Amino acid sequence: MIKNVYKYSLLVLIFQSGLLFLQRMEKREYNVIGVMSGTSLDGIDLVLVKFQFIDAWRFNIIISETVNYSEKWRETLKNLVSFSCEDLKQIDDDYTIYLAETIKEFIAKNNIKNIDAVCSHGHTALHQPEMKITYQIGNKPILATFLNERVVCDFRVQDVELGGQGAPLVPIGDKLLFSEYDFCLNLGGFANISTDINQERIAFDVCPVNIVLNHCVEKLGLKYDDEGKIASNGKINKTLLNQLNELSFYKQNHPKSLGLEWVNKNVHPLMDSFKIEVKDVLNTFIEHVAIQIATQLNKRSKASVLITGGGVYNTYLINRIKTHSNQNITIPNKEVIEFKEALIFGFLGVLKIENKVNCLRSVTGAINDHSSGKIYLP
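What comes next is a walk through the structure.

1. Focus: the overall build of the chain
- Secondary structure summary: the chain contains 14 helices and 13 strands in total.
- Taking 2.2 N^0.38 as the reference for a compact globule, 378 residues should give roughly 21 Å; the C-alpha atoms of the chain span a radius of gyration of 23 Å, in line with that estimate.
- Across its three principal axes, the chain shows a C-alpha extent of roughly 95 × 50 × 40 Å.
- Put simply, the chain has 378 residues, and 53% of those count as buried.
- Pairs at least 24 residues apart make up 70% of the contacts formed inside the chain by residues separated by at least 6 positions.
- In the structure as shown, the chain presents an accessible area of about 18000 Å², 52% of it carried by carbon and sulfur atoms.
- Seen as two clouds, the 41 positive and the 42 negative side-chain charges of the chain have centres 6 Å apart.

Put into structure tokens, the structure is as follows:
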């Protein structure tokens with residue numbers, strides 16, 4: 001009897017020790033470089049981030065930098081949808097080397113050591129998920145060879161193969177890193193939003209933003225409309241506004257996503273057909289953006305909203321969003337505003353390394369949740 005009690009106590013002790021060991025194992029820590037290039041063509045965003053898991057995932061952005069594109073690369077990337085397949089493959093090769101050189105310089109300049117992975121989105125060249133097509137340049141295995149580091153990249157392709165939109169991919173980071181907010185809204189080339197409905201993450205592209213606004217001000221010889229000052233001096237063209245708001249995309253249910261092809265087909269020709277001043281076009285389009293975003297935010301009352309992305313600096317746009325919605329809007333610190341997507345692509349890479357879900361069926365419409373991306377070793 002005593003022996004049995006002793007054996008039972010010993011087994012309990014072993015079991016408790018095992019649980020304690022597993023709990024300690026759960027306290028993970030990763031140092032990764034996240035890399036993002038968005039459709040607004042601001043440049044290549046790079047962050048060195050420490051991710052830790054104890055009771056939940058936490059992050060600390062240690063170093064952040066945006067490397068601006070040269071005019072040559074800006075023009076090339078802006079026109080990717082017009083190149084032949086053969087030309088696109090060559091651009092992919094060249095861009096991968098350029099991206100590798102940029103990352104390597106970032107590592108050397110900041111004397112970065114002990115990297116667990118470089119996690120890169122690449123740059124979207126083609127995105128037509130309804131035709132099972134998505135193509136990001138800069139995701140070739142030579143990245144790992146050139147950097148002599150483990151690389152996690154090419155996060156969209158697998159989701160499209162599984163019947164998903166391949167976008168947006170950021171919502172898993174919204175859910176696990178920014179769970180205190182009811183909505184996470186990003187204002188980049190496109191506006192995308194994510195939220196929880198019935199404990200399930202829902203996210204989708206809302207409308208174009210900087211990809212259109214920046215295109216408009218190019219006619220004035222500018223790269224962007226600083227704080228929306230030009231737009232604020234314009235007038236709303238109600239006919240154009242109504243036609244923009246009537247575009248069929250806005251009547252579609254999620255999951256849904258947008259790409260440059262859609263903008264070139266549906267937005268630019270419509271806006272160009274109105275022979276009005278640039279400031280009026282800008283004002284009208286910002287009003288359109290504000291209405292579309294507020295339509296989503298107002299589906300919930302007294303919601304907390306985190307807004308990030310370059311569009312945050314368009315003061316006029318932010319004010320119009322506030323006018324059309326009555327929500328508690330938070331503008332975070334500069335690092336989160338500018339580097340949230342690079343941060344989260346770093347996080348997607350960590351989840352991929354752990355073979356954990358980083359792409360949500362409820363967001364993209366894929367047949368199942370999955371761990372997306374490719375891992376390349378040097």
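The structure having been displayed, the exposition proceeds.
2. What to know about the sheet that holds strand β11 (residues 304-308)
- Spatial ordering of the open sheet is given by β10-β9-β8-β11-β12, a layout of five strands whose pairing is mixed. Both outer strands of the open sheet, β10 (200-208) and β12 (328-330), are each paired with one neighbouring strand and no more. Strand-to-strand twist across the sheet, computed as the mean angle between neighbouring axes with direction ignored, equals 20°.
- Strands in contact with helix α12 (residues 315-324) are β8 (183-187), β11 and β12; relative to β8, the strand with the most contacts, it is inclined by about 145°.

3. Details of helix α9 (residues 238-245)
- Within the sequence span of α9, burial applies to L240, L241, L244 and N245. End-on view of α9: buried residues confined to an arc of 130°, all on one side of the axis.
- In this structure, the buried residues of α9 make contact with α10 (260-272) and α11 (278-297).
- N-cap assignment for α9: the residue whose side-chain oxygen lies 3.2 Å from the backbone N of T239 is N237.

4. Remarks on the side chain of K340
- Among the structural elements, K340 can be located in helix α13 (residues 334-353).
- A relative accessible area of 3% means that K340 is categorised as buried.
- Apart from the residues lying within four places of it in its own chain, the contact partners of K340 are V170, D174, F178, C184, L306, T308 and E335.

5. Comments concerning the environment of K322
- Here K322 lies in helix α12.
- Residue K322 is classed as partly exposed on the basis of its relative accessible area of 44%.
- Counting along the chain gives 166 residues from K322 to R156, while the straight-line C-alpha distance between them is 33 Å.

6. Some points on α12
- Among all positions in α12, only Y316, L317, I318 and I321 are buried.
- Tucked into the core, α12 has its buried residues touching β8, α8 (229-232), α11, β11 and β12.

7. Comments concerning the pairing of strand β6 (residues 133-137)
- Of the strand pairs in this sheet, strand β5 (residues 123-128) and β6 are connected by five bridges, and their pairing is antiparallel. In the strand pairing of β6, H127 is matched with T134.
- Following β5, the chain reverses through four residues before pairing antiparallel with β6; K132 in that reversal takes a positive phi of roughly 60°.

8. Some points on the environment of G38
- With respect to the helices and strands, G38 occurs in the loop between β1 (28-37) and β2 (44-53).
- G38 sits 150 residues away from G188 along the chain, and the two C-alpha atoms are 7.3 Å apart.
- If we ignore the near neighbours within four places in the chain, the residues touching G38 are G43 and H123.

Criteria and thresholds
Residue indices follow the written sequence of each chain, beginning from 1 at its first position. Local features in this predicted model are restricted to residues whose pLDDT is 70 or higher, and side-chain atom pairs enter the listing and the counts only when it is 80 or higher, whereas totals over whole chains, interfaces and linings include all residues. Side-chain metrics in this entry use all non-hydrogen atoms of the structure; hydrogen atoms and water are not considered. Strands are runs of DSSP state E lasting at least two residues, helices are runs of H or I lasting at least four, and both sets are numbered from the N terminus onward. Based on C-alpha atoms, the radius of gyration is set beside the globule rule, defined as 2.2 Å times the residue count to the power 0.38. The classification of residues rests on relative accessible area computed with a 1.4 Å probe and restricted to protein chains. Under 20% of the type maximum is buried, over 50% is exposed, and intermediate values are partly exposed. By the convention used here, residues are in contact when the closest approach between their heavy atoms is within 4.5 Å. Under the convention used here, a 1.4 Å probe and the Shrake-Rupley method define accessible areas, while residue burial counts only the protein chains that appear. Positive residues here are Lys and Arg, negative ones are Asp and Glu, while His and the chain termini are left out of the count. Positions of charges follow a simple convention, taking NZ of Lys, CZ of Arg, CG of Asp or CD of Glu. Strands qualify as paired when DSSP identifies two bridges or more between them. Between N-to-C directions, angles cover 0 to 180 degrees, with each direction set by a line fitted to C-alpha atoms, over the stretch in contact for helices. To obtain the arc, one takes the directions from the helix axis to the C-beta atoms. Polar contacts here mean pairs of N or O atoms no more than 3.5 Å apart (in protein, one a potential hydrogen donor and the other a potential acceptor; neighbouring residues in sequence count only if both atoms are side-chain atoms).

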